[in-house]
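Chain residues, written in single-letter form:
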Amino acid sequence: MNRRVLGFLLELALPVTVLVGYALWASRAQSFYFPPLDEIGRYFGELWLFDRVGSDLVPSLTRMSAGYLASVLVGVSVGLLLGMSRVLRTAAEPVVEFLRALPAPALIPFSLLLFGSGDSSKIFVIVLGAVWPILLNTIDGVRGVDSQQLDMARAYRIPLAARVWRIILPAAGPRIFAGMRTSLAIAIILMVVSEMVASSNGLGYFVLEQQRSFAIPEMWTGIILLGVLGYVLNWLFLRLERRVLAWHFGLKGLAGPATGGTRSARRSPFGKRRPHAPAPPAPAASSARSSASSDGEV
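Residues numbered from 1 in each chain as written. Predicted model: local features only at pLDDT ≥ 70, side-chain atom pairs only at ≥ 80, totals over all residues. Heavy atoms only, no water.

Under an unreviewed UniProt entry, the name given to the protein chain is ABC-type nitrate/sulfonate/bicarbonate transport system, permease component, and the organism recorded is Streptomyces zhaozhouensis. Quoted verbatim from the Sequence similarities (unreviewed entry) field of UniProt, the annotation for the protein chain is "Belongs to the binding-protein-dependent transport system permease family." Looking at the protein chain in UniProt, the text filed under Subcellular location (unreviewed entry) is "Cell membrane". (UniProt positions renumbered as here; feature names shortened; annotations may be inferred.)

Below is the structure:
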């Protein structure tokens, strides 16, 4: 059996088992708070295919996308500046540590005072919570760039913009994507939390309103939709990461068919297989100048 098909079946095994187990238990328990699975499915089809898509799902996705993209732009750009400059990093460290320790939901009242109850306040809350994993991972990624590559670029007088685009960003890319993946889950959580306060639409508003009116099956449909949304967005993000960082996964021998990587021996330009070349010897200890610039400074 194809390994991809087998992996897909393994991923489905546990969710299907949980659903079957819940369906059997709920049909016998007759609990008001845990309705039968077929009832939840019926309401799910009535509400989300496609009655409330435009009124609740689309506004939530719009807010989350805007907040997440703003977090990526701010986190990567500021992280590059702080990672490349020891002076800026030292000066900004107290402010960064103070702000990232603040829970984003605690600033919802402030965002309502500042922006009102519109979309801007919710996007502001999403950015406040989702920007930190991207920012901190970008700083660490930039600081981890090989100092010898930066010294070589300076010796050949490569412009700063080319150094950032060709050396620093590719080297820090795996860490940046790790932070972006963490921030994606945080953005979904803060989207729901912000919509539960002073909102008139959205998935968070829908779940809270159904709970207040004791419409339990409808409430569960919103919760299930949030789980499905998180799974789909994470799946799409992993596909994007595999494509953008194909070189990284290829070096580690983890690339699949989508990126063209393989664990087998490499092929020569003439089509014949040849074994992997031995790894080069470790470089000697760098000079004092290289160690001084090994903190990501360019």
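A. The pattern of salt bridges, seen in detail. Considering all chains together, one arrives at six salt bridges under this definition. Across the pair Arg63 and Asp119 runs a salt bridge whose closest N-O atoms are separated by 2.8 Å. You can see Arg63 sitting in helix 3 (residues 53-84) and its partner Asp119 sitting in helix 6 (residues 119-143), a full 56 residues away along the chain. Asp119 gets classed as partly exposed once you look at its relative accessible area, which sits at 40%. (Salt bridge = Lys/Arg side-chain N within 4 Å of Asp/Glu carboxyl O. Helix = DSSP H or I, 4+ residues; strand = E, 2+ residues; numbered from the N terminus. Buried < 20%, exposed > 50% of the residue type's maximum accessible area, 1.4 Å probe, protein only.)

B. Layout of the packing of helix 8 (residues 160-195) against helix 10 (residues 216-244). Relative to each other, helix 8 and helix 10 sit at 160°, their axes nearing to 11 Å. Between helix 8 and helix 10, the angle is such that the two are roughly antiparallel. By crossing handedness, the relation of helix 8 to helix 10 is classed as right-handed. Together, Phe177, Met180, Arg181, Leu184, Ile188, Met191 and Val192 of helix 8 and Leu226, Gly230, Leu233, Asn234, Phe237, Leu238, Glu241 and Val244 of helix 10 make up the contact between the two elements. When its residues are assigned to classes, the contact of helix 8 with helix 10 shows 11 nonpolar, two polar and two charged. (Axes fitted to C-alpha atoms, helices over the stretch in contact; angles between N-to-C directions. Parallel < 35°, antiparallel > 145°, perpendicular 65-115°, else oblique. Left-handed = near helix turned anticlockwise from the far one by under 90°. Contact = heavy atoms within 4.5 Å. Nonpolar A, V, L, I, M, F, W, Y, C, P; charged D, E, K, R; others polar.)

C. Expanded view of the layout of surface pockets. Roughly 280 Å³ of internal volume is contained in the second largest pocket. In terms of residue count, helix 8 provides more of the lining of the second largest pocket than any other element does, seven residues in total. Here the lining of the second largest pocket is built from residues that sort into 12 nonpolar, one polar and no charged. (1 Å grid on protein atoms, 1.4 Å probe; cavity = no way out; pocket = protein on both sides within 12 Å on 5 of 7 lines; lining within 4 Å. Points joined across faces, edges and corners; volume = space filled by probe spheres on them.)

D. Seen up close, the packing of helix 3 against helix 8. At a minimum axis separation of 8 Å, helix 3 and helix 8 run at an interaxial angle of 145°. You can see that helix 3 and helix 8 cross each other, and the crossing is right-handed. Mapping the contact onto sequence places Ser60, Arg63, Met64, Tyr68, Val72, Val76, Leu80 and Met84 in helix 3 and Val164, Ile168, Leu169, Ile176, Met180, Arg181, Ser183, Leu184, Ala187, Ile188, Met191 and Glu195 in helix 8. Class assignment of the residues belonging to the contact of helix 3 with helix 8 gives a composition of 15 nonpolar, two polar and three charged.

E. Molecular detail of empty space enclosed by the protein. Across all of its chains, the model carries one cavity of 30 Å³ or more by this definition. The space that makes up the largest cavity amounts to roughly 30 Å³. Around the largest cavity sit Leu99, Leu102, Leu107, Leu128 and Trp132, which together line it. The class makeup of the residues in the lining of the largest cavity is five nonpolar, no polar and no charged.

F. Region of interest: a nonpolar patch on the surface. Nonpolar side chains collect at one region of the surface, where Val5, Phe8, Leu9, Leu12, Val16, Val20 and Leu24 lie side by side and expose about 610 Å² of accessible area between them. In this fold, Leu24 is placed in helix 1 (residues 3-29). (Patch = residues over 30% accessible without salt bridge, like charges linked within 9 Å, V, L, I, M, F, W, Y side chains within 5 Å. Areas by Shrake-Rupley, 256 points an atom, 1.4 Å probe, with all protein chains shown as cover.)

G. Here's a closer look at the side chain of Ser121. Structurally, the position occupied by Ser121 is in helix 6. Given a relative accessible area of 2%, Ser121 falls into the buried group. The residues contacting Ser121, other than those within four sequence positions of it, are Ser111, Leu112, Phe115 and Gly116.

H. Up close: the UniProt feature "transmembrane region" (unreviewed entry) in the protein chain. The residues that UniProt annotates with the feature "transmembrane region" (unreviewed entry) are residues 5-25, 65-83, 95-117, 123-142, 184-207 and 219-238. A helix fraction of 61% and a strand fraction of 0% characterise residues 95-117, whose end C-alpha atoms lie 27 Å from each other. Structurally, residues 184-207 comprises 71% helix and 0% strand, and the distance from its first C-alpha atom to its last is 21 Å.

I. Layout of the packing of aromatic side chains. Taken as a whole, this structure holds eight aromatic pairs when the rule is applied. When the centroid spacing of 6.1 Å and the interplanar angle of 35° are considered together, the rings of Phe34 and Trp220 count as tilted. Of this pair, Phe34 sits in the loop between helix 1 and helix 2 (37-48) while Trp220 sits in helix 10, and the two are 186 residues apart along the sequence. Its relative accessible area of 24% is what places Trp220 among the partly exposed residues. Summarising the aromatic geometry, the rings of Trp48 and Phe206 are spaced 5.0 Å apart at their centres and angled 75° between planes, so their arrangement reads as edge-to-face. (Phe/Tyr/Trp six-rings, centres within 6.5 Å; stacked < 30°, edge-to-face > 60°.)

J. Representation of the environment of Met180 within the structure. Along the chain, the position of Met180 falls in helix 8. Judged by relative accessible area, which is 11%, Met180 ranks as buried. Through-space distance from the C-alpha of Met180 to that of Phe237 is 9.0 Å; in sequence the pair is 57 residues apart. Other than its neighbours up to four places away in sequence, Met180 contacts Tyr68, Val72, Ile134 and Phe237.

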